[in-house]
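Commentary on secondary and tertiary structure
What follows is the residue order along each chain.
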Amino acid sequence: MSKVTFLSGENIPLEMHKVRMVQKVNLLPVEERLQSMREAGFNTFLLKNRDVFMDMLTDSGVNAMSQNQYAAMMQADDSYAGSETYYRLEAVLQDIFGMKHFLPAHQGRACEHIIAKTLVTPGSVALMNYHFTTTKAHITLTGGSLEELIGDEGFKINSDEPFKGDIDIGKLNEAIKRHGKDKISFVRIEAGTNLIGGQPVSMANMREVSRICRSGGIKLVYDASLLSDNLYFIKTRDPGYQDADIKSIVREIASLMDIVYFSARKLGSARGGGILVSDDELFLKMRELVPLYEGFLTYGGMSVREMEALSVGLQETMDIDVISQTPIIVEALCNELLAKGVPVVTPPGGLGCHVDAMQFCSHIPQDQYPAGALAAAIFIASGVRCMERGTMSEQRNEDGSERMAEMELARLAVPRRVFTLSQVKYTADRIAWLYQNRRLIGGLEFTEEPKVLRFFFGRLQPIGGWAEQLAEQFRKDFGDSL
Ligand SMILES: *Cc1c(COP(=O)(O)O)cnc(C)c1O
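Summary of the structure given here. Worth saying up front: this structure is predicted, and the values here are computed from it rather than measured.

1. Considering the environment of glycine 295
For glycine 295, the location among the structural elements is in the loop between α11 (289-293) and α12 (304-316). If we ignore the near neighbours within four places in the chain, the residues touching glycine 295 are Val290, Gly300 and Gly301.

2. Observations concerning the pattern of salt bridges
Under the criterion given, the structure shown has 27 salt bridges. Of the charged contacts in the structure, one is a salt bridge between arginine 207 and glutamate 252, with a shortest N-O distance of 3.2 Å. Of this pair, arginine 207 sits in helix α7 (residues 203-216) while glutamate 252 sits in helix α9 (residues 246-255), and the two are 45 residues apart along the sequence. Between lysine 340 and aspartate 429 there is a salt bridge, with its nearest N and O atoms 3.0 Å apart.

3. Things to note about the packing of helix α1 (residues 30-39) against helix α16 (residues 370-382)
Following both chains from N to C, one finds α1 and α16 inclined at 150°, their axes separated by 7 Å at the closest point. Between α1 and α16, the crossing angle belongs to the class labelled roughly antiparallel. Contact residues: Val30, Arg33, Leu34, Ser36 and Met37 in α1; Ala376, Phe379, Ile380, Ala381 and Ser382 in α16. Residue classes in the contact of α1 with α16 are distributed as 7 nonpolar, 2 polar and 1 charged.

4. Description of the nonpolar core
In this structure, Phe97, Val187, Met206, Tyr222 and Ile253 are the most contacted members of the largest nonpolar core, which totals 64 residues. Looking at which element gives the most residues to this core, the answer is helix α3 (residues 84-97), with 6 residues. Those residues in contact with phenylalanine 97 that sit more than four places away from it in its chain are Leu227, Val250, Arg251, Ala254, Val260, Leu267 and Leu276. If you look at the next biggest cluster of nonpolar residues, it comprises 57 residues, including Leu34, Ala40, Ala377 and Leu470.

5. Here we look at the site of the ligand
Neighbouring residues of the ligand: 14 residues in total, closest Gln107, Arg109, Asp223, Ser263 and Lys266. A distance of 2.6 Å separates an oxygen atom of the ligand from a polar side-chain atom of arginine 109. In the complex, 99% of the free accessible area of the ligand, which totals 370 Å², lies under the protein chains. Ranked by residues supplied to the shell around the ligand, first place goes to helix α4 (residues 108-119) with 3 residues.

6. Remarks on the sheet that holds strand β2 (residues 101-105)
Overall, mixed pairing links the 7 strands, which are arranged β2-β8-β7-β6-β5-β3-β4 in an open sheet. With partners counted over all chains shown, the strands left at the sheet margins are β2 and β4 (145-148), one partner each. If you compare each strand with its neighbour and ignore which way they point, the axes differ by 20° on average. Pairing geometry for strand β3 (residues 125-128) and strand β5 (residues 184-190), over 4 bridges, is parallel. Bridge pairing links methionine 128 to arginine 188 in β5.

7. Observations concerning the sheet that holds strand β11 (residues 387-389)
Pairing is antiparallel in the open sheet, where 3 strands are placed in the order β9-β12-β11. Both edges of this open sheet fall to β9 (352-356) and β11, since each of them pairs with a single strand only. Strand-to-strand twist in this sheet, taken as the mean axis angle between neighbours without regard to direction, amounts to 30°. Sheet topology note: the β9/strand β12 (residues 409-413) ladder contains 5 bridges and is antiparallel. Among the inter-strand pairings, valine 355 is bridged to a residue of β12, identified as alanine 410. Here helix α14 (residues 325-339) sits on the sheet in contact with β9 and β12, set at roughly 30° to β9.

8. A short note on the packing of α4 against helix α5 (residues 133-141)
Across the interface, α4 lies against α5 with an axial gap of 9 Å and an inter-helix angle of 30°. One way to sum up the angle between α4 and α5 is to call them roughly parallel. The way α4 lies across α5 gives a crossing that is right-handed. Counting all contacts with α4, which are made through Arg109, Glu112, His113 and Ala116, the residues of α5 involved are Thr134, Thr135, His138 and Ile139. For the contact of α4 with α5, the residue count by class is 2 nonpolar, 4 polar and 2 charged.

Conventions and cut-offs
- Residues numbered from 1 in each chain as written.
- Predicted model: local features only at pLDDT ≥ 70, side-chain atom pairs only at ≥ 80, totals over all residues.
- Heavy atoms only, no water.
- Helix = DSSP H or I, 4+ residues; strand = E, 2+ residues; numbered from the N terminus.
- Contact = heavy atoms within 4.5 Å.
- Salt bridge = Lys/Arg side-chain N within 4 Å of Asp/Glu carboxyl O.
- Axes fitted to C-alpha atoms, helices over the stretch in contact; angles between N-to-C directions.
- Parallel < 35°, antiparallel > 145°, perpendicular 65-115°, else oblique.
- Nonpolar A, V, L, I, M, F, W, Y, C, P; charged D, E, K, R; others polar.
- Core = buried A, V, L, I, M, F, W, Y, C linked by side-chain atoms within 4.5 Å.
- Buried < 20%, exposed > 50% of the residue type's maximum accessible area, 1.4 Å probe, protein only.
- Near = heavy atom within 4 Å.
- Polar contact = N/O pair within 3.5 Å; in protein donor to acceptor, adjacent residues only side chain to side chain.
- Areas by Shrake-Rupley, 256 points an atom, 1.4 Å probe, with all protein chains shown as cover.
- Pairing = 2+ DSSP bridges.
- Left-handed = near helix turned anticlockwise from the far one by under 90°.

By themselves, these are just geometric observations and shouldn't be taken as functional.
Here it is in structure tokens:
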């Protein structure tokens with residue numbers, strides 16, 4: 001827990017900013033929430049934002065920007081080739097990460113596309129702490145496969161382990177031996193493991209993985225999309241880094257990696273993305289693909305205004321009072337929910353609060369998507385939109401059978417510096433009501449199921465009439481209230 005950002009004695013997160021531009025939001029009556037959920041095929045991705053009270057779907061591209069980011073957007077240098085804006089961004093990245101080359105891309109998955117095309121060959125295996133949806137899709141589309149080496153603690157909903165995102169070193173050594181280093185396309189470490197609760201990776205673990213990769217001649221790739229939360233946790237949970245400044249932590253991480261890539265929709269609170277690499281040969285290989293898929297080398301699919309916002313956002317990420325804001329709100333939301341008996345992933349991670357749908361909806365079989373059903377139910381009960389991170393987010397096996405996720409989570413993302421504590425308390429209250437009435441929630445089945453990334457566009461229907469019954473119970477308990 002950071003001593004600078006919590007009020008002493010009480011668990012009240014302290015916002016280290018003031019809100020100077022606002023957007024009005026709507027809270028629809030429960031009947032209309034049910035109707036818009038129906039129209040969205042019980043998939044929170046397909047809801048219209050105008051029907052949403054609090055959008056906790058994701059932190060992607062929806063973080064609040066600072067006044068300095070907006071100001072920087074005004075002085076962007078518009079040019080197809082060689083814009084000053086690009087060179088400013090390149091210099092900021094080189095300074096923060098201490099790596100030689102930067103390649104711009106339009107967002108995180110575009111970096112994954114380029115990296116997969118460069119390093120993945122058919123039949124190769126990528127080893128990683130845990131996959132992210134788009135990472136896995138790009139690796140498998142290129143003919144590779146992947147293997148996850150997260151420590152056993154990472155799958156435990158409740159744990160005292162401060163760095164649940166760590167790679168299990170024993171599993172890593174064993175996998176390298178089993179596959180042989182020539183079959184391994186790369187090892188990947190994802191900061192703040194997205195799909196298993198936003199859990200951080202420790203510096204000691206990164207150091208050890210790097211040592212093993214370097215001695216085996218295996219490339220080490222770092223997904224820095226959720227770096228800012230991970231930095232906060234290294235600073236606050238690792239006794240060796242309490243006095244370290246943020247930039248020196250970033251430098252140390254980058255020095256252990258061959259490739260660093262990020263989604264600037266998360267890191268730097270802007271939009272866009274990019275790849276950092278020091279090796280000249282690897283740089284030249286990846287560089288060929290940027291104009292082909294992204295755009296010319298000095299913008300890579302980003303607008304110059306976004307690049308300016310990103311340069312400033314990255315520099316602001318070096319400030320503990322900025323990067324603390326999501327983790328302390330996540331912790332507050334987790335604590336509110338725990339106090340009401342609702343099962344959530346602990347210790348609280350970054351990115352968002354993760355409700356354990358396996359416990360919450362223990363009566364729903366896993367092939368009826370308990371986390372998807374819970375996400376739909378949370379919207380009906382509260383107007384809060386969250387995201388399924390469970391079996392629906394998985395790809396089916398080659399033979400068409402379901403690949404059951406290790407965890408079934410409803411993720412309430414906390415975009416950086418967007419929501420207030422009273423909104424967080426409201427969310428916890430409504431979810432606590434839902435928990436009391438959890439038996440009313442039933443399963444879901446697909447009515448339309450896309451082959452790739454089905455959770456984005458797939459449409460589902462409730463099994464039985466549970467959604468109507470849930471809305472009716474809400475009306476009984478809440479009277480006229482929204
Ligand atoms: C969001 C995310 C990505 C993909 O980034 P986009 O900008 O959404 O394409 C990759 N890795 C992680 C860990 C992410 O959170």
